[in-house]
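# Remarks on the overall topology
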Amino acid sequence: IIETKSLSFSYPADEGEEPQESAVETLAARFGLTEREREILGQVAAGHSSSYVARVLFISESTVRGHVHHLYQKLGVSSREELIALVAAERTKA
């Protein structure tokens, strides 16, 4: 369980895990993402905007954009669409 201010995100165990969460966890492990990058990857893969992610995680939009930029670099993509497609491709493997 990850607690961020008054919100908590719970990621289930491997068995019975949601496919997208599993895909995010797999990519996070493969590419050495930080805990915050993993959180943001999950939010972006779910289609949320930077402003939404900032509100949910209690951080600035600028900070979200910085994390997204680092995700692009680490995952070798250049757009949100490619980032979402990468998670979707990983999800179909599971």
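Residues numbered from 1 in each chain as written. Predicted model: local features only at pLDDT ≥ 70, side-chain atom pairs only at ≥ 80, totals over all residues. Heavy atoms only, no water.

## Focus on helix α2 (residues 35–45)
The test is simple: Note on classification: 1.4 Å probe, protein chains only; a residue is buried when its accessible area is under 20% of the maximum for its type, exposed when over 50%, partly exposed between these limits. A run of H or I in DSSP counts as a helix once it spans at least four residues, and a run of E counts as a strand once it spans at least two, with each numbered from the N terminus.
Where burial is concerned, most of α2 is hidden: nine out of the 11 residues are buried. What α2 keeps buried is the set Glu 37, Arg 38, Glu 39, Ile 40, Leu 41, Gly 42, Gln 43, Val 44 and Ala 45. Looking at the residues trailing α2, positive phi occurs at Gly 47, about 90°.

## Here's the deal with the pattern of salt bridges
Rule in force here: Definition used for salt bridges: Asp or Glu carboxyl oxygen within 4 Å of a side-chain nitrogen of Lys or Arg.
Within the structure shown, the criterion is met by seven salt bridges. Here Glu 35 makes a salt bridge to Arg 38, at a shortest N to O gap of 2.3 Å. One end of the pair is Glu 35 and the other is Arg 38, both in helix α2 and three residues apart, which spans about a single turn. Residue classification places Glu 35 among the partly exposed positions, given a relative accessible area of 44%.

## Regarding the nonpolar core
Selection criterion: As used here, the term nonpolar core means buried Ala, Val, Leu, Ile, Met, Phe, Trp, Tyr and Cys residues forming a set that is joined through side-chain atoms within 4.5 Å. Every residue pair with non-hydrogen atoms within 4.5 Å of one another is taken to be in contact.
Counting 21 residues, the largest nonpolar core has Ile 40, Leu 41, Leu 83 and Val 87 as its most contacted members. At the level of secondary structure, the elements contributing two or more residues to this core comprise α1 (19–31), α2, α3 (50–57), α4 (61–75) and α5 (80–93). At five residues, α4 tops the list of elements feeding residues into this core. Those residues in contact with Ile 40 that sit more than four places away from it in its chain are Val 53, Leu 57, Ile 59, Val 64, His 67, Val 68 and Leu 71.

## Thoughts on the confidence of the model for the chain
Low pLDDT marks stretches whose predicted atomic positions should not be read closely. Our working rule: Confidence of the predictor at the level of single residues is captured by pLDDT, which takes values from 0 to 100.
Here the chain shows a mean pLDDT of 85. Residues at 70 or above account for 80%. Ignoring residues within four places in sequence, the model shows residues 1–17, a span with pLDDT below 50, making 33 contacts including any to other chains.

## What to know about the packing of α4 against α5
Where we set the bar: Comment: axis = line fitted to C-alpha atoms, over the contacting stretch for helices; angle = value between 0 and 180 degrees taken between N-to-C directions. For classification, angles of less than 35 degrees are called roughly parallel, those exceeding 145 degrees roughly antiparallel, those between 65 and 115 degrees roughly perpendicular, and all remaining angles oblique. Take the far helix as your reference; a near helix turned counterclockwise from it by less than a right angle gives a left-handed crossing, and one turned clockwise gives a right-handed crossing. Think of it as three bins: nonpolar holds Ala, Val, Leu, Ile, Met, Phe, Trp, Tyr, Cys and Pro, charged holds Asp, Glu, Lys and Arg, and polar takes everything else, Gly as well.
As a packed pair, α4 and α5 sit with axes 11 Å apart at the nearest point and diverge in direction by 60°. Regarding the angle of α4 to α5, the classification is oblique. For the pair α4 and α5, the sense of crossing is left-handed. Across the interface between the two elements, Val 68, Tyr 72 and Leu 75 from α4 touch Arg 80, Leu 83 and Leu 86 from α5. Taken together, the residues of the contact of α4 with α5 break down into five nonpolar, no polar and one charged.

## As for α5
Heads up, the rule is: A helix is expected to reach a length of 1.5 Å times the quantity of its residues less one. Relevant arc is that of directions from the helix axis to the C-beta atoms, nothing else.
Here α5 spans 20 Å end to end across 14 residues, near enough to the 20 Å set by a 1.5 Å rise per residue. Of the positions making up α5, those classed as buried are Leu 83, Val 87 and Glu 90. On an axial view of α5, the arc spanned by its buried residues comes to 60°, and they lie on one face. Looking at α5, the residues exposed on the side facing more than 90 degrees away from the buried face are Glu 81 and Thr 92.

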